[in-house]
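Chains, contacts and geometry: an overview
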Amino acid sequence: MKTTAIILAAGKGKRMRSDVPKQYLEVSGKPLLFYSIKAFEDSCVDEIMIVMDDVKYGKEQIVNRFGFKKVVNIIVGGKERYHSVYCGLNAAKGSDYVLIHDGARPFITKQQIEVLLAETYQAGACVSGMPVKDTIKIADKRNQVKETPNRDDVWMVQTPQVFSYSLIKNAYDRFMEDDRKEVTDDAMVLEKYGSHSVKLVKTSYRNIKITTPEDILIAEAFIQSELYH
Ligand code: CTP
Ligand code: MG
């Protein structure tokens with residue numbers, strides 16, 4: 001059973017408003033991307049592929065600098081996130097399971113990765129997430145409340161999203177042929193273009209995505225606190 005982590009680190013990080021893309025920003029002395037790769041390197045995953053535009057930086061400043069042994073490929077990404085995922089999926093041909101992860105989520109842990117994989121061996125498709133803490137309202141176009149879903153049924157989803165390779169690859173092949181690209185995560189590709197159910201698996205409220213400048217402060221605080229270790 002071959003398992004491949006596809007770590008996404010292409011894209012421009014526009015909402016971070018920094019000179020360099022956010023994945024290269026140093027957080028507590030290491031590039032943001034280091035933290036998620038370390039968790040996968042320490043886990044039972046067989047191999048890691050990084051999707052990023054600056055392949056030279058990836059080789060020198062990530063793989064060589066930190067001595068990662070499981071990184072087998074650094075792949076150039078695409079314009080949108082789904083293009084980058086598709087580049088990764090094509091490169092991961094021959095794998096049985098893929099774990100698609102945002103390099104901008106540094107706080108995923110080895111244990112969470114292993115639980116997700118074990119669940120995916122049973123379920124075929126698993127998405128990490130957490131139940132929402134706030135009450136969620138569904139609005140209409142005029143910002144009038146249409147509905148208040150039961151909070152226990154509402155989750156915010158994160159990555160890793162873990163799939164049997166053939167399930168997600170077949171769904172992505174169909175999605176890439178469609179002119180309309182209305183999906184916001186990988187599970188949604190399977191929900192719309194496949195016929196397999198997706199299981200939600202809890203990770204942690206710490207598994208945040210570094211998106212805007214204040215998230216860097218939160219990340220530094222996590223790393224320096226014992227919550228991280
Ligand atoms: N990503 C990618 N290829 C893209 C866009 C995004 O690999 N074309 C990756 C990012 O590196 C990130 C993850 O997908 O790890 C989640 O995307 P997001 O946080 O939205 O990153 P960006 O698109 O770079 O940021 P922004 O939307 O603020 O421009
Ligand atoms: Mg984006």
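Right, let's walk through the structure included here. (Residues numbered from 1 in each chain as written. Chains lettered and ligands numbered in written order. Predicted model: local features only at pLDDT ≥ 70, side-chain atom pairs only at ≥ 80, totals over all residues. Heavy atoms only, no water.)

**Side note on the nonpolar core**
So the rule is basically this: Buried residues of nine kinds, namely Ala, Val, Leu, Ile, Met, Phe, Trp, Tyr and Cys, make up a nonpolar core once their side-chain atoms join them within 4.5 Å. Only protein chains enter the area calculation, which uses a 1.4 Å probe; residues under 20% of their type maximum are buried, those over 50% are exposed, and those in between are partly exposed. Numbered from the N terminus, helices here are DSSP runs of H or I no shorter than four residues, and strands are runs of E no shorter than two.
Counting 39 residues, the largest nonpolar core has L33, I37, F40, I48, I50, M52 and V71 as its most contacted members. Counting residues per element, the ones that place at least two in this core are β1 (3-8), α1 (32-42), β4 (47-51), α2 (55-66), β5 (71-75), β6 (97-102), α4 (110-123) and α7 (213-224). Considering each element in turn, this core owes the most residues, 7 residues, to α1. Counting residues in each nonpolar core, the second largest holds 25 residues, with A125, V127, F163 and V183 among its members.

**As for helix α3 (residues 81-91)**
Quick reminder: α-helices carry 3.6 residues per turn. Residues three or four places apart thus point the same way. For the record, the criterion: What makes two residues a contact is simply this: any of their non-hydrogen atoms within 4.5 Å.
Turning to α3, its buried residues are Y82, S84, V85, Y86, G88 and L89. Check the buried side of α3 and you find it contacts β1, β4, β5, β6, α5 (165-177) and α6 (186-193).

**Examining the packing of aromatic side chains**
Our working rule: Here a pair means two rings of Phe, Tyr or Trp (six-membered ring of Trp) with centres within 6.5 Å. Their orientation is stacked below 30 degrees between planes, edge-to-face above 60, and tilted elsewhere. Whether a charge sits over a ring depends on NZ of Lys or CZ of Arg being within 6 Å of the ring centre and within 35 degrees of the ring normal.
Here the structure, examined in full by the defined rule, presents 11 aromatic pairs. Centroid distance Y97 to Y121: 4.9 Å. Interplanar angle 75°. Geometry classified as edge-to-face. With Y97 in strand β6 and Y121 in helix α4, this pair connects stretches of sequence that are 24 residues apart. A residue is classified by how much of its surface remains accessible, and Y97, at 11% relative accessible area, is buried. Taken together, a centroid distance of 5.1 Å and an interplanar angle of 90° make the contact between F107 and F222 edge-to-face. Of this pair, F107 sits in the loop between β6 and α4 while F222 sits in helix α7; the two residues are 115 residues apart in sequence, bridging distant segments of the chain. Joined through ring pairs, the aromatic side chains of Y82, Y86, Y172, F175 and Y193 make up one cluster. Sitting above the plane of the Y205 ring, K133 keeps its charged end 4.2 Å from the centroid.

**Concerning the site of ligand 1**
Heads up, the condition is: Whether a residue is near a molecule or strand is decided by its heavy atoms; if any one of them lies within 4 Å of it, the residue is near. Pairing of N or O atoms within 3.5 Å defines a polar contact, subject to two protein rules: one partner must be a possible hydrogen donor and the other a possible acceptor, and residues neighboring in sequence count only if both atoms are side-chain atoms. Residue exposure ignores everything except the shown protein chains as possible cover, and the areas themselves are Shrake-Rupley values with a 1.4 Å probe.
Near ligand 1 there are 18 residues, and of these A10, K14, K22, S84 and K209 occur at the shortest range. In the model, an oxygen atom of ligand 1 is placed 2.5 Å from a nitrogen or oxygen of the A10 main chain. Side-chain polar atom of S84 to a nitrogen atom of ligand 1: 2.7 Å apart, as the coordinates give it. Notes on ligand 1: free accessible area 560 Å², of which the protein chains cover 88%.

**Examining the sheet that holds strand β10 (residues 155-164)**
Our working rule: The pairing criterion for strands is at least two bridges between them, as found by DSSP. Here the axes come from fitting lines to C-alpha atoms, over the contacting stretch only for helices, and the angles between their N-to-C directions go from 0 to 180 degrees.
Taken in spatial order, the 7 strands make up an open sheet running β5-β4-β1-β6-β10-β7-β11, and their pairing is mixed. Edge strands, defined here as strands with exactly one partner in the open sheet, are β5 and β11 (199-202). Between one strand axis and the next, the sheet turns by 25° as a mean value, whatever way the strands run. The pairing of strand β7 (residues 125-131) with β11 spans 4 bridges and is parallel. Its bridge partner being in β11, V127 is matched across the sheet by L200.

**Comments concerning the environment of K69**
Here K69 shows up in the loop between α2 and β5. Given a relative accessible area of 70%, K69 falls into the exposed group. Separated by 49 residues in the primary sequence, K69 and V20 have C-alpha atoms spaced 26 Å apart.

**Let's talk about α2**
Our working definition: Every helix has an expected span of 1.5 Å times one less than the residues it contains. Picture the helix axis, draw a direction to every C-beta atom, and the arc is the one those directions span.
For α2, spanning 12 residues, the distance from its first C-alpha to its last is 15 Å, which sits close to the expected 16 Å at 1.5 Å a residue. Residues Y57, G58, I62 and V63 constitute the buried set of α2. Taken around the axis of α2, the buried residues stretch over an arc of 145°, which confines them to a single face. For α2, the exposed residues set more than 90 degrees away from the buried face come down to K56 and N64. Close packing links the buried residues of α2 with β3 (30-31), α1, β4 and β5. Directly after α2, the chain includes G67, whose backbone phi takes a positive value near 65°.

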